[in-house]
Amino acid sequence: METTERVLLDEQAVRRALTRISHEMIEKNKGMDECILVGIKTRGAHIANRIAEQIEKIEGRPVAVGEVDITLYRDDLSHRSQNEEPELKGTSIPHTVKDKRVILVDDVLYTGRTVRAAMDAVMDIGRPSLIQLAVLIDRGHRELPLRPDYIGKNVPTSKDEIIAVKLKESDQADEVSIRHQTS
């Protein structure tokens, strides 16, 4: 099998997408005073922190940020082998979500199952006034009725393609690419 890879977003394009998303969030929420950004571990948390930095530059004041680990909320845990323990990375939301606008942030939206798990995790912490969703890449193929409020880039894909997101915080580079295996 041969794998082909094509860059969809380079470092500059990633930065521009996150800047645009930041402006859209401020506009849609009429400021960010009642909002909390909650990044879905791991890359979603990095993206949430970057968006928070952008918003602080624009608005002149910080926005609350947290991160959520969805490991125990995954609907595929029962399909794992009995010897395979899930690796917990910890949830850290240092602010109350009760009656706040929670904006979940992730790198790639695919089936929607990760987002559903993140919503369950947030709802276990408290009841927000609403939940919005921001993603760097929306690749389609939803299995659940979810639609992001903020999208960096729509990338229609086939199910055998893979979207790879690299971020400096975890991968030493900012890049989004698409991989396709051909036989």
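Residues numbered from 1 in each chain as written. Predicted model: local features only at pLDDT ≥ 70, side-chain atom pairs only at ≥ 80, totals over all residues. Heavy atoms only, no water.

The name an unreviewed UniProt entry gives the protein is Bifunctional protein PyrR, with Sinobaca qinghaiensis as the organism. UniProt lists a comment for the protein under the heading Catalytic activity (unreviewed entry), and it reads "UMP + diphosphate = 5-phospho-alpha-D-ribose 1-diphosphate + uracil". Recorded under Sequence similarities (unreviewed entry), the UniProt text for the protein is reproduced unchanged: "Belongs to the purine/pyrimidine phosphoribosyltransferase family. PyrR subfamily." (UniProt positions renumbered as here; feature names shortened; annotations may be inferred.)

Novice: Go over the overall build of the protein with me, naming the residues and quoting the values.
Specialist: On a plain count of helices and strands, the protein comes out with four helices and eight strands. Sequence-ordered secondary structure for the protein, helices as α and strands as β, is β-α-β-α-β-β-α-β-β-β-α-β. For the protein, the C-alpha radius of gyration of 17 Å lies close to 16 Å, the compact-globule estimate for 183 residues. C-alpha extents for the protein along the principal axes are approximately 50 × 40 × 30 Å. (Helix = DSSP H or I, 4+ residues; strand = E, 2+ residues; numbered from the N terminus. Rg over C-alpha atoms; globule rule 2.2 N^0.38 Å.)

Novice: Could you give an account of unusual backbone geometry, with specific residues and numbers?
Specialist: Glycine aside, negative phi is the norm for most residues, and most peptide bonds take the trans geometry. Lysine 41 connects to threonine 42 through a cis peptide bond whose omega is 5 degrees. Summarising the element assignment, threonine 42 is placed in the loop between strand 2 (35–40) and helix 2 (43–59). Of note, the phi angle at aspartate 99 is positive, near 65 degrees, even though the residue is not glycine. Position of aspartate 99 relative to the elements: it lies in the loop between strand 3 (64–68) and strand 4 (101–109). Phi at histidine 141 takes a positive value of approximately 70 degrees, unusual for a residue other than glycine. Assignment of secondary structure puts histidine 141 in the loop between strand 5 (130–138) and strand 6 (150–154).

Novice: Can you break down the sheet that holds strand 7 (residues 161–166) residue by residue, with the values?
Specialist: Spatial ordering of the open sheet is given by 1-8-7, a layout of three strands whose pairing is antiparallel. Because the sheet does not close on itself, it has two edges, and the strands there are strand 1 (2–9) and strand 7. Looking at each pair of strands side by side, their axes are set apart by 25 degrees on average, direction ignored. (Pairing = 2+ DSSP bridges. Axes fitted to C-alpha atoms, helices over the stretch in contact; angles between N-to-C directions.)

Novice: Can you lay out the layout of surface pockets for me, pointing to particular residues and giving the numbers?
Specialist: Estimated volume of the second largest pocket: approximately 170 Å³. Lining the second largest pocket, in full, are Glu11, Arg15, Leu18, Thr19, Arg50, Glu53, Gln54, Lys57, Lys168 and Asp174. Residue assignment for the lining of the second largest pocket shows that the elements contributing at least two residues are helix 1 (11–28) and helix 2. Per-class residue counts for the lining of the second largest pocket are one nonpolar, two polar and seven charged. (1 Å grid on protein atoms, 1.4 Å probe; cavity = no way out; pocket = protein on both sides within 12 Å on 5 of 7 lines; lining within 4 Å. Points joined across faces, edges and corners; volume = space filled by probe spheres on them. Nonpolar A, V, L, I, M, F, W, Y, C, P; charged D, E, K, R; others polar.)

Novice: Give me the lowdown on the nonpolar core, citing residues and values where you can.
Specialist: With 32 residues, the main nonpolar core has Met25 and Leu37 as its most contacted residues. Only strand 1, helix 1, strand 2, helix 2, strand 4, strand 5, strand 7 and strand 8 (175–182) provide two or more residues apiece to this core. Among the elements that line this core, the one with the most residues is helix 1, at seven residues. Aside from chain neighbours lying at most four places away, what touches methionine 25 is Met32, Leu37, Ile51, Ile55, Ile103, Ala134 and Tyr150. Counting 18 residues, the second largest nonpolar core, distinct from the first, contains Ile36, Ala64, Val97 and Val115. (Core = buried A, V, L, I, M, F, W, Y, C linked by side-chain atoms within 4.5 Å. Buried < 20%, exposed > 50% of the residue type's maximum accessible area, 1.4 Å probe, protein only. Contact = heavy atoms within 4.5 Å.)

Novice: Can you tell me about the side chain of serine 177, naming the residues and giving the values?
Specialist: Within the fold, serine 177 resides in strand 8. With relative accessibility at 1%, the residue serine 177 sits in the buried group. One polar contact links serine 177 to glutamate 5, side chain to side chain, over a distance of 2.8 Å. Here serine 177 is in contact with Glu5, Arg6, Val7, Leu8, Ile162, Ile163 and Ala164, once residues within four sequence places are set aside. (Polar contact = N/O pair within 3.5 Å; in protein donor to acceptor, adjacent residues only side chain to side chain.)

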